[in-house]
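Coordinates in review
Each chain, written out:
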Amino acid sequence: MNIQMSDGYALNSPGINIRGFTSINGGDAFILVDNVPVTAAELSRINPADIESASVLKDAASAAIYGARAAFGVVLITTKTAKDEKLTVDVNANYGLRSFLNLPEMSDDIYEFMRMQKIFANDPSRYTDEQMAYAKRRMEDPSLPEVLHPNEALNPSSTSRGRWEYYAISKWTDILMKDYSPVQTYDVRVAQKTDRLSYSVSSGYYRQEGMMKTLNDNLNRYNFRGNATYKLTNWWDVGANITFTRRTFDCATLLDDSWNYYRVIQTYPIVPVYTPEGYYADSWVGYLHEGGDVERSLNETQVSFNTKIDILKDTWSVKADANFKFTNDGREYTQLSYITSDGPGVTNSSGNPSAGLSNTTERYTVFNLYTDFHRTFAEKHFVQALAGFNQEHFRQVSSSIVVDNLLTNSLPTINLSGPSSTIYKGYGVNTLSLRGVFARLNYIFDNKYILELNGRRDGTSRYQKDDRFGFFPSASVAWTLSNESFMKSVNDALHIGSLKLRGSYGALGNQNIDNVYYPYIATMGVINNITPLIDNGQPLGITQPGVVSGDLTWETVRTFNGGADLTLFDGKFDLTFDRFVRYTENMMTKSKTLPAIFGAGEPRTNAADLKTSGWELSVGWRDHLALAGSPLHYSARLMLADSRTWITRYDNPDRNLGDYYVGQEIGELWGYETLGYFASDEEAAGWANQSAVGNGRPFLAGDLKFKDIDNSGYINQGSNTVDDPGDRRIIGNNRNRLPYSIDLNADWKGFDLRIFFQGVGKRDAYPSEAHNGEYFWGQYNTPWAGMSVKNLDNWDYKGDAGYFPRMKPDIAYNGELAKVQTKYLQDASYLRVKNLTVGYTLPRQLTGKWNVDRLRFYLSGENIFTFHHMEVPGNDPERNDNVYYPFMKVVSLGLNIGF
């Protein structure tokens with residue numbers, strides 16, 4: 001199982017993937033908490049202290065019983081219930097400090113910044129020699145004025161326009177961001193189990209403060225969970241499970257999207273926070289501090305009722321549950337105008353006074369009814385049969401209203417619209433229904449031979465009536481070889497405790513396609529304020545409907561799995577190995593390319609297949625030894641896996657590299673081979689023509705030199721096909737290969753230690769162009785970006801030893817650095833210490849005097865060390881692209897008390 005965070009932003013949730021690439025339309029693991037489906041976002045809002053256990057079903061045979069959304073594996077999570085007749089009370093408290101794990105390293109050397117700006121902005125007159133000299137003196141003597149009055153300006157244009165001249169030495173990461181911010185968690189749980197009643201009630205509070213100085217950027221979460229089971233008779237149990245979560249988040253409007261964090265970081269270092277008159281000198285900083293606020297609130301309520309009736313005690317039972325989940329996600333925002341200043345007495349009002357409200361409500365119901373029969377006959381024949389029915393319904397309603405050009409900044413509400421205000425409204429409804437029947441049959445003979453058969457028929461409202469239902473079977477077999485009589489001598493000689501061989505085949509349907517709820521319905525768009533005037537007004541227009549296929553149906557996911565389980569040395573050593581092949585067939589994608597005369601885009605059809613092949617290994621050892629007269633228990637576990645995926649069917653006969661093609665390995669990177677830098681202008685002029693990879697500016701000494709692979713005299717992408725890729729070849733792959741983890745545990749005389757490592761053994765990454773790559777490229781990307789320290793490691797300063805080429809405008813935006821190539825291909829493999837925890841539990845002889853069953857203190861660290869090969873600070877190997885809010889490191893102190 002692969003868990004990946006997108007970045008460190010408070011509202012983002014992890015992606016959960018099982019066994020590598022799933023479908024070109026995406027597909028995550030199916031998550032159930034107490035048998036109720038939840039999303040990854042909902043899972044991230046559950047109080048971790050409420051979780052009792054988690055297990056993962058990886059192959060289609062084991063996941064088959066869960067039906068339509070289990071095609072790519074299942075994560076089963078159960079929450080805590082009462083275990084003891086004694087009333088138990090557990091209290092946990094944790095206080096920690098968060099810090100940025102990997103911030104971009106920005107330079108505040110204003111002399112070098114101005115020098116580079118002249119080049120990257122392609123404006124030699126941007127700063128005069130006098131300005132450059134003053135910037136250099138100020139770097140040597142920071143007591144010199146950081147802002148010059150227009151009458152003292154060193155650039156005549158500043159004097160003529162009456163503008164301030166800035167020479168601040170501003171390191172914005174230090175000015176705007178904290179070194180640390182607190183995070184705290186508190187929760188309490190009460191539980192008891194009696195002959196008739198079993199109950200558990202818990203509540204928790206979590207607070208995470210943001211990393212911005214003087215600004216709100218705070219998240220609060222409140223959790224409540226209660227479950228109870230009551231035995232009405234010896235054969236009838238009833239139960240209920242109630243959960244409530246409230247999450248609030250407030251921040252500056254600019255920071256409502258993590259995309260803007262890098263904007264703040266990359267403000268010019270020469271710009272101060274305030275002008276001498278006390279106005280904001282930079283519009284981004286003004287927007288950050290006075291541009292309005294956002295308040296988000298999310299409320300989730302789930303109520304579940306369940307019952308179990310024993311028809312034959314411990315043999316045949318009927319179970320049913322009804323689950324109701326209600327979610328309300330609201331957002332209120334204001335955008336205010338704020339004052340900036342360019343010069344003495346010159347002020348500018350920036351920002352459009354606006355206010356908005358949005359709200360999304362969701363209602364989700366799940367009903368399950370199933371019966372389970374299990375019995376052992378003649379002491380050797382175990383039979384289990386299960387059959388059931390499942391029905392789900394989801395309804396989502398979204399509405400929004402935004403009003404701009406408000407009459408006043410002082411009371412920004414949507415009611416204060418003016419004559420120039422524009423009102424933007426939105427409303428949408430989505431529904432989804434699923435229905436399925438399922439059956440499972442298990443047979444075990446003499447604890448040696450195991451057979452399991454599954455069948456499920458599922459229907460979804462995503463497809464039209466005749467194509468809604470599909471039947472998906474699976475089967476698995478296992479042989480406990482160690483239980484055979486002929487293995488006794490082998491078991492004794494090799495200390496084998498258990499040896500099992502396994503195999504399975506399963507087919508499941510996937511209907512979760514890009515969150516499109518009605519793919520079989522042709523939709524029409526709305527055009528506001530079309531040109532013709534009718535009765536002095538502009539009417540709404542309707543676009544022509546798209547074209548849809550008449551036979552859209554399920555993607556089918558078929559999985560073959562083989563494996564072995566082995567334990568040795570009285571259970572001290574265990575090994576599990578699996579080899580799997582997964583076929584994702586009938587993936588929904590565009591149909592054949594149609595001529596322009598058709599007049600519409602190609603409809604989507606079930607027209608693509610892929611194959612994923614991989615393996616998984618888990619090796620563990622646990623034992624104990626005597627240390628200073630007391631037992632030292634220890635354990636270690638290594639988990640290692642790999643998978644690769646290829647396209648096996650796709651309509652791209654020319655094998656164009658801008659699309660999928662048959663034979664393509666998912667993640668492959670086609671790029672140019674970089675030979676270094678041109679040593680002279682003459683060498684650049686005499687080399688193959690590289691204009692196709694540039695941005696129109698000439699190639700000179702210090703520019704990148706690419707290999708002419710096809711000896712054509714031109715460096716280009718050819719026809720951009722597999723057969724004619726020009727001077728490109730496959731230089732890497734950006735999929736995670738060889739993901740692994742190492743889990744080490746030990747305890748001795750009340751002390752406990754856990755170290756958890758997580759890493760990826762092989763992955764290539766190329767920094768994105770445009771805004772996604774500004775952390776990496778800096779001013780090579782955009783001249784208005786701040787200057788990173790790494791930008792100074794270039795050919796102009798260090799010759800051939802420089803990491804970056806000659807300083808040249810925009811070449812990471814639309815030039816040669818934006819082209820995937822070998823020189824800047826990053827080795828994104830890494831090893832990270834995800835968690836290190838050291839704890840101490842006081843002796844029971846001592847705590848018992850205080851009527852305390854357990855008292856434990858611990859120190860914990862998350863993401864505390866990373867070993868990687870990334871060349872530029874701020875680029876995290878765990879997620880190289882689109883990380884606007886850096887990952888976080890947390891060090892915390894905690895306390896566990898049990899009564």
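Residues numbered from 1 in each chain as written. Predicted model: local features only at pLDDT ≥ 70, side-chain atom pairs only at ≥ 80, totals over all residues. Heavy atoms only, no water.

Some thoughts on the overall build of the protein chain
On a plain count of helices and strands, the protein chain comes out with 13 helices and 40 strands. A compact globule built from 899 residues would reach a C-alpha radius of gyration of about 29 Å, and the protein chain, at 32 Å, matches this within 12%. The dimensions of the protein chain, computed from C-alpha atoms along their principal axes, are 100 × 80 × 70 Å. The buried share among the 899 residues of the protein chain stands at 47%. Long-range contacts, defined here as pairs at least 24 residues apart, represent 70% of the contacts in the protein chain between residues at least 6 apart. Distance from the positive charge centre (89 side chains) to the negative charge centre (103 side chains) of the protein chain: 7 Å. (Helix = DSSP H or I, 4+ residues; strand = E, 2+ residues; numbered from the N terminus. Rg over C-alpha atoms; globule rule 2.2 N^0.38 Å. Buried < 20%, exposed > 50% of the residue type's maximum accessible area, 1.4 Å probe, protein only. Contact = heavy atoms within 4.5 Å. Lys, Arg positive; Asp, Glu negative; His and termini not counted. Charge placed at Lys NZ, Arg CZ, Asp CG, Glu CD.)

Things to note about the packing of helix α3 (residues 110–120) against helix α4 (residues 129–140)
Here α3 crosses α4 at 155°, and the two axes come no closer than 8 Å. By the angle between their axes, α3 is roughly antiparallel relative to α4. In this structure, α3 uses I110, Y111, M114, R115 and K118 to contact α4, whose residues at the interface are Q131, M132, A135, K136 and M139. (Axes fitted to C-alpha atoms, helices over the stretch in contact; angles between N-to-C directions. Parallel < 35°, antiparallel > 145°, perpendicular 65-115°, else oblique.)

Some remarks on the environment of Y111
Its place among the elements puts Y111 in helix α3. In sequence terms Y111 and Y134 are 23 residues apart; their C-alpha atoms lie 8.5 Å from each other. The contact partners of Y111, leaving out residues within four places of it in the chain, are M132, A135, K136 and M139.

Digging into the pattern of salt bridges
Proximity of charged atoms lets side chains of opposite charge pair with each other. What the rule picks out here adds up to 45 salt bridges. The partner of E585 in a salt bridge is R558, and the shortest N-O contact between them spans 2.9 Å. A residue pair is termed long-range when its members are at least 10 positions apart, and E585 in strand β27 (residues 573–590) and R558 in strand β26 (residues 555–568) qualify at 27 residues. For R558, a relative accessible area of 22% corresponds to the partly exposed category. Among the ionic pairs, E816 bridges to K808, the shortest N-O distance being 3.0 Å. What emerges from the salt-bridge pattern is a single network uniting D703, R806, K808 and E816. (Salt bridge = Lys/Arg side-chain N within 4 Å of Asp/Glu carboxyl O.)

Regarding the nonpolar core
A general tendency of soluble globular proteins is for nonpolar side chains to be buried together. One finds M114, I270, W777, Y780, F804, L817 and Y824 to be the most contacted residues of the largest nonpolar core, which totals 44 residues. Those elements that provide at least two residues to this core are α3, α4, β8 (147–148), β30 (668–672), β32 (704–706) and α11 (774–777). Among the elements that line this core, the one with the most residues is α3, at 5 residues. Discounting residues that sit within four places of it in the chain, M114 has contacts with Y127, Q131, M132, A135, Y167 and I270. F100, V183, Y261 and V273 belong to the second-largest nonpolar core, a separate cluster that totals 29 residues. (Core = buried A, V, L, I, M, F, W, Y, C linked by side-chain atoms within 4.5 Å.)

Considering the side chain of S618
Structurally, the position occupied by S618 is in strand β28 (residues 604–627). Accessibility expressed as a relative area gives 12% for S618, which makes it buried. For S618, the side chain forms a polar contact with the side chain of R637, separated by 2.8 Å. Apart from the residues within four sequence positions on either side, S618 is in contact with D574, L575, T576, R637, L638 and M639. (Polar contact = N/O pair within 3.5 Å; in protein donor to acceptor, adjacent residues only side chain to side chain.)

Here's the deal with unusual backbone geometry
In this structure, D446 is a non-glycine residue whose phi angle is positive, near 55°. Among the structural elements, D446 can be located in the loop between β20 (423–445) and β21 (449–460).

Overview of a nonpolar patch on the surface
There is a patch of nonpolar side chains on the surface, built from L197, Y230, L232, W235 and W236 and spanning about 450 Å² of accessible area. In this fold, W236 is placed in strand β13 (residues 236–252). You can call W236 partly exposed: its relative accessible area is 32%. (Patch = residues over 30% accessible without salt bridge, like charges linked within 9 Å, V, L, I, M, F, W, Y side chains within 5 Å. Areas by Shrake-Rupley, 256 points an atom, 1.4 Å probe, with all protein chains shown as cover.)

Observations concerning the pairing of strand β39 (residues 854–868)
Regular strands have side chains that alternate between both faces of the sheet. Pairing analysis gives 11 bridges linking strand β38 (residues 830–841) to β39, with the strands arranged antiparallel. Each residue of the ladder has a partner; that of L831, found in β39, is F867. The pairing of β39 with strand β40 (residues 888–898) spans 9 bridges and is antiparallel. Residue pairing in the sheet places F857 in a bridge with L895 of β40. (Pairing = 2+ DSSP bridges.)

Looking at helix α8 (residues 283–290)
V285, G286, Y287 and L288 are the residues of α8 that are buried. Between the side-chain oxygen at the start of α8 and the backbone nitrogen of W284 there is a gap of 2.8 Å, and the oxygen is on D282. Downstream of α8 by a residue or two, G292 has a phi angle that is positive, lying close to 115°.

A word on the packing of aromatic side chains
Pairs of aromatic rings are described using the distance from one ring centre to the other and the angle between the two planes. Counted according to the given criterion, the structure contains 31 aromatic pairs. Between W777 and Y824 the ring centres are 5.4 Å apart and the planes differ by 75°, which places this aromatic pair in the edge-to-face class. Within this pair, whereas W777 is found in helix α11, its partner Y824 is found in the loop between α12 (795–798) and β37 (826–827), the two being separated by 47 residues in sequence. Per residue, the accessibility class of W777 equals that of Y824, and both read buried. (Phe/Tyr/Trp six-rings, centres within 6.5 Å; stacked < 30°, edge-to-face > 60°.)

A short note on the sheet that holds strand β5 (residues 51–57)
Spatially, the 4 strands line up as an open sheet ordered β4-β3-β6-β5, and their pairing is mixed. Pairing within the sheet leaves two strands with one partner each, and these edge strands are β4 (36–38) and β5. Averaged over all pairs of adjacent strands, the angle between strand axes in this sheet comes to 25°, irrespective of strand direction. Sheet analysis places strand β3 (residues 30–33) next to strand β6 (residues 74–79), joined by 4 bridges and oriented parallel.

Quick look at the pairing of strand β15 (residues 316–335)
As defined by bridge partners, strand β14 (residues 293–312) adjoins β15 across 18 bridges and the pair is classed as antiparallel. Looking across to β15, one finds that E300 is bridged to T327. Sheet topology note: the β15/strand β18 (residues 354–377) ladder contains 20 bridges and is antiparallel. In the sheet register, K325 faces β18, and the bridge partner there is Y364.

Re the environment of D810
Looking at the element boundaries, D810 is found in the loop between α12 and β37. Considering only alpha carbons, one finds D810 and R697, 113 residues apart in sequence, at a separation of 9.9 Å. The contact partners of D810, leaving out residues within four places of it in the chain, are N695, R697, Y780, N781, T782, P783 and G815.

Considerations on the confidence of the model for the protein chain
Here the protein chain shows a mean pLDDT of 89. Residues at 70 or above account for 96%. Mean pLDDT across the secondary structure elements of the protein chain bottoms out at helix α7 (residues 261–265), with 68, and peaks at β32, with 97. (pLDDT = per-residue confidence, 0-100.)

Quick notes on the side chain of E555
If you trace the backbone, E555 turns up in strand β26. Despite being buried, E555 has no salt bridge partner; R604 is the closest side chain of opposite charge, sitting 7.0 Å away. The residues contacting E555, other than those within four sequence positions of it, are S23, N25, L508, G509, N510, I513, T584, E585, N586, M587 and M588.

Overview of α3
Across the 11 residues that make up α3, a large majority, 8, are buried. Turning to α3, its buried residues number three or more, namely I110, E112, F113, M114, M116, Q117, K118 and F120. The inward-facing, buried residues of α3 abut α4 and α12. Near the N-terminus of α3, the side chain that reaches the backbone nitrogen of Y111, with its oxygen 3.2 Å away, is that of D109. A positive backbone phi angle near 55° is found at N122, which sits one or two residues after α3.

With respect to the environment of T361
By secondary structure assignment, the location of T361 is in strand β18. Residue classification places T361 among the partly exposed positions, given a relative accessible area of 30%. Placed 264 residues apart in sequence, T361 and L97 show a C-alpha to C-alpha distance of 34 Å. Residues within four places of T361 in sequence aside, it is in contact with T327, N328, R395, Q396 and V397.

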